[in-house]
Amino acid sequence: MSAYHPLNAEEAIQLAKSIPGRFPDHAELECREIGDGNLNLVFHVTAKNTADSIIIKQAVPYAKVVGESWPLSLDRARIERVALETQYSLCPNLVPKVYGYSDELAYTVMEDLSEYTIMRKGLIEGIAYPKFAEHIGEFMARTLFYTSDLGMNQQEKKVLAGRFVNPDLCKITEDLIFEDPYRESSNNNYPDHIADEAEALRTDLPLHFEVALLREKFLTHAQALLHGDLHTGSIFVTPESTKVIDPEFAYFGPMGFDIGAVIGNLLLNYAAQPGWSQDEYTQATREARLLEMASDVWNHFESNFRMLWNDDLLDEMSRTPGYQDYYVSQILKDTAGFAGCKMIRRIVGLSHVADIDTIADDTAREAAQRKALAIGKNLVRHHRSIKSFEDILTLIQQATKG
Ligand code: SR1
Ligand code: MG
């Protein structure tokens with residue numbers, strides 16, 4: 001019989017005490033369950049009289065956001081932990097450290113990042129993160145390059161991919177991002193005032209064609225180990241530092257899916273700005289900053305990725321002149337397409353974003369929803385013809401005119 005059960009606060013404290021070197025001997029510990037995500041329990045264990053603390057994240061055997069009617073494999077806790085360890089080995093400054101785990105109880109003990117802010121919250125508050133693009137560009141370039149056939153022994157990659165077979169979480173993405181928004185589904189969730197937009201999504205066959213191409217890439221293109229859910233709620237930030245968390249959706253997929261997740265979520269915040277900024281000047285400043293950040297994310301990814309390719313390439317055929325340019329240009333097209341899909345799903349699908357849903361004014365919220373859909377659709381429609389990030393900015397401008 002499995003020993004799995006959801007931990008209670010006292011058990012979390014005992015667990016924390018068993019991690020060597022984390023708390024002073026005889027420290028008095030306190031514990032709060034602080035999980036506010038869609039899927040897991042999160043225990044914050046702190047010492048009463050010192051600044052020592054840790055996080056224990058435990059999976060429950062169903063999707064918390066929906067309830068026990070949506071069972072989910074506990075193996076996602078192992079996948080998340082192995083992904084954290086793999087990413088930490090490649091980017092130690094950008095990923096929390098794992099201190100312990102149990103696959104049977106589906107928990108991971110890790111570094112507490114309480115002094116950081118979830119990036120989505122920071123962006124809603126209008127905070128600038130001048131180092132973010134550089135950090136996330138480096139994170140994506142290193143984690144994607146060194147787990148791809150370019151930077152990793154190809155037989156070892158196949159073995160590693162076997163540790164990241166993640167059917168339940170991939171199914172969530174396949175349904176919620178690449179299918180439900182384009183059909184009638186009980187998973188969908190949108191207010192009546194944008195029912196016309198949802199109806200248009202269901203009948204737009206040229207758009208479905210582009211989504212089908214992107215979906216096929218997600219299903220079949222095992223290019224590199226992805227984070228798999230790299231939205232701004234999976235990133236902790238301060239103005240100086242960045243930490244990427246929550247890789248439970250990790251699997252071997254197309255690189256552009258991660259890059260598109262980051263850029264799509266910056267663009268969701270961009271679409272929300274008229275609902276958050278107090279005056280026109282602030283709005284214009286923040287919008288310009290967000291577009292610049294999106295562009296810098298791509299530029300930092302691209303320059304790091306090309307540098308790794310030039311310095312550390314293992315695959316001989318990939319030295320063929322012109323191949324690097326071709327490869328990078330394909331990632332950019334995928335990035336745009338996946339960014340668009342991610343924007344659309346957050347407006348009409350099951351799981352939304354606070355950037356848009358918590359805009360207080362009804363009219364401003366509706367305008368943000370329509371703007372996000374217009375940008376998302378334009379990126380998906382035209383992703384295959386994109387040749388530079390400038391093209392993406394042009395598509396954004398076209399979508400938001402008039
Ligand atoms: C049922 S889980 C809904 C969403 O939350 C996660 O963060 C993923 O984005 C998933 O699609
Ligand atoms: Mg998550």
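Residues numbered from 1 in each chain as written. Chains lettered and ligands numbered in written order. Predicted model: local features only at pLDDT ≥ 70, side-chain atom pairs only at ≥ 80, totals over all residues.

A. Inspection of the site of ligand 1 at higher detail. In the vicinity of ligand 1, the residues found are Asn-38, Leu-39, Ala-63, Val-65, Ile-172, Thr-173, Leu-176, Asp-229, Leu-350 and Ser-351. Top contributing element to the shell around ligand 1 by residue count: helix α6 (residues 167-176), with three residues. A per-class count over the shell around ligand 1 returns six nonpolar, three polar and one charged. (Near = placed C-beta within 6 Å. Helix = DSSP H or I, 4+ residues; strand = E, 2+ residues; numbered from the N terminus. Nonpolar A, V, L, I, M, F, W, Y, C, P; charged D, E, K, R; others polar.)

B. Region of interest: the sheet that holds strand β8 (residues 117-118). One open sheet holds the three strands; their spatial order is β8-β10-β11, and the pairing between them is antiparallel. Either end of the sheet is taken by a strand with one partner, and the two such strands are β8 and β11 (242-244). Taken together, the two bridges between β8 and strand β10 (residues 235-237) define a ladder with antiparallel strand orientation. The partner of Ile-118 across the bridge, within β10, is Phe-236. (Pairing = 2+ DSSP bridges.)

C. A look at the domain arrangement of the chain. Domain boundaries in the chain define domain 1 (9-111) and domain 2 (117-400). Between domain 1 and domain 2, the contact holds 18 residues from the first and 20 residues from the second. Each residue belonging to the side of domain 1 that touches domain 2 can be placed in one class, and the counts come to twelve nonpolar, four polar and two charged. (Domains from an automatic or database assignment. Contact = placed C-beta atoms within 7 Å.)

D. Main features of the UniProt feature "binding site: ATP" (unreviewed entry) in the chain. With numbering aligned to this structure, UniProt lists the feature "binding site: ATP" (unreviewed entry) at Asn-40, Lys-57, Glu-111, Asp-112, Leu-113, Asp-246, Pro-247 and Glu-248. What makes Lys-57 buried here is the crowd of 25 C-beta atoms within 10 Å. Each residue touching Lys-57, except ones within four places of it in the same chain, is listed here: Asn-40, Val-42, Tyr-107, Thr-108 and Met-110. Here Glu-248 shows up in the loop between β11 and β12 (251-253). Glu-248 has contacts with Leu-39, Arg-76, Ile-79, Glu-80 and Leu-169, leaving out every residue within four places of it along the chain. (UniProt positions renumbered as here; feature names shortened; annotations may be inferred. Buried ≥ 20, exposed ≤ 12 C-beta atoms within 10 Å, placed from the backbone.)

E. Up close: the sheet that holds strand β1 (residues 29-33). Taken in spatial order, the five strands of this open sheet run β1-β2-β3-β7-β6, and their pairing is antiparallel. Unpaired on one side and paired on the other, β1 and β6 (98-102) mark the two borders of the sheet. Strand after strand, the sheet turns through a mean of 20° between neighbouring axes, direction not considered. Sheet topology note: the strand β3 (residues 53-59)/strand β7 (residues 107-111) ladder contains five bridges and is antiparallel. If you follow Gln-58 over to β7, its bridge partner there is Tyr-107. Along the sheet, helix α1 (residues 9-18) contacts β1, β2 (40-47), β3 and β7; its crossing angle with β1, the most-contacted strand, is approximately 130°. Of the strands in this sheet, β3, β6 and β7 are in contact with helix α2 (residues 75-90), which crosses β7 at around 30°. (Axes fitted to C-alpha atoms, helices over the stretch in contact; angles between N-to-C directions.)

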